Amino acid sequence: MFFRNRLGRARTGRLPARQVETLVGTRALDLVHPEDRERTLAWFRAQRTSAQETLLTARARHRDGGWRWGESSCGVYRAGDAARIVVNSRDVTRRMELDAILRRTHDELEARVKERTVELNEAVTDLEEEIAERHRVEQELRVSEERWRNLSELSSDMSYAIVVEPDGWLTLEWITQAVSRITGYSVDQINQRGWRSLLHPEDADRMASYLSRVLEGETSEVEGRIIARDGGIRWLS
């Protein structure tokens, strides 16, 4: 008979008499784990007719009451009319435990990858929606700006917004295209010269006073003169 020790090194010999007496006459399947018995029985039956040797990995009960994984091969021969099967088994419990750890680790990693993939897909979807919304807003803004440019070019009125700096300097923030037709100056030229330089000297103080009242919340109409680039006088309301 051939045995292997727990380290897997082969040796020959006999089991202690007490252990042999315990095992001899025992139904082999009674030592096999209940979940592995049907598969084990099918394997033994297949070995009787198959010319190809296969291995069986199944759990068997240990003397301490636990279960050990064994890997078995067998050979079949006949003694008279009876068939005999010689089985060689080795303990592969540690290998099976490591395989189980690897499978569990793989499953956990796969689960995390799937979870992360879902999160990334959701993030991509949110980003795509945000980009689509941004494009929509940008398109609306372009349409609005185009309409404003058309209105500005067609309007005969000079509408504008000015920024009053802390030192009292007036800077144009925006103005319609009519500014060039009315004053003869571009927006950059007006900002460089200063808006007050356009005012007629006789109306400058009155217009400045009006601006102060506007800054305090007063709304009213005022008329005054400006001096255009060609030296002509323009009345503005």
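Relevant structure appears above.
Engineer: Got a minute to help me understand the environment of Val164 in this structure?
Structural biologist: Following the sequence through the fold, Val164 ends up in strand β6 (residues 160–164). Sequence separation between Val164 and Leu211 is 47 residues; the distance between their C-alpha atoms is 9.6 Å. Among all residues touching Val164, those that are not within four sequence positions of it are Trp169, Leu170 and Leu215.

Engineer: Can you help me understand the layout of surface pockets in this one?
Structural biologist: The space that makes up the second largest pocket amounts to roughly 840 Å³. In this structure, the second largest pocket is lined by 31 residues; those nearest its centre are Tyr160, Ile162, Trp195, Met207 and Tyr210. Elements with a minimum of two residues in the lining of the second largest pocket: β6, α6 (201–215) and β8 (224–227). Examining the composition of the lining of the second largest pocket, we find that 7 residues originate from one element, α6, more than from any other.

Engineer: Mind showing me how you'd approach the sheet that holds strand β4 (residues 67–79) here?
Structural biologist: Two orientations exist for strands paired in a sheet by backbone hydrogen bonds: parallel and antiparallel. Spatial ordering of the open sheet is given by β3-β4-β5, a layout of 3 strands whose pairing is antiparallel. Here the strands that pair on one side only, and so sit at the sheet edges, are β3 (56–61) and β5 (82–91). Sheet twist, expressed as the average angle between the axes of neighbouring strands with direction ignored, equals 45°.

Engineer: Looking at this structure, how should I read a nonpolar patch on the surface?
Structural biologist: There is a patch of nonpolar side chains on the surface, built from Val76, Ile85 and Val87 and spanning about 190 Å² of accessible area. Here Ile85 shows up in strand β5. The class of Ile85 is partly exposed, set by a relative accessible area of 32%.

About the cut-offs
Residues numbered from 1 in each chain as written. Predicted model: local features only at pLDDT ≥ 70, side-chain atom pairs only at ≥ 80, totals over all residues. Heavy atoms only, no water. Helix = DSSP H or I, 4+ residues; strand = E, 2+ residues; numbered from the N terminus. Contact = heavy atoms within 4.5 Å. 1 Å grid on protein atoms, 1.4 Å probe; cavity = no way out; pocket = protein on both sides within 12 Å on 5 of 7 lines; lining within 4 Å. Points joined across faces, edges and corners; volume = space filled by probe spheres on them. Pairing = 2+ DSSP bridges. Axes fitted to C-alpha atoms, helices over the stretch in contact; angles between N-to-C directions. Patch = residues over 30% accessible without salt bridge, like charges linked within 9 Å, V, L, I, M, F, W, Y side chains within 5 Å. Areas by Shrake-Rupley, 256 points an atom, 1.4 Å probe, with all protein chains shown as cover. Salt bridge = Lys/Arg side-chain N within 4 Å of Asp/Glu carboxyl O. Buried < 20%, exposed > 50% of the residue type's maximum accessible area, 1.4 Å probe, protein only.

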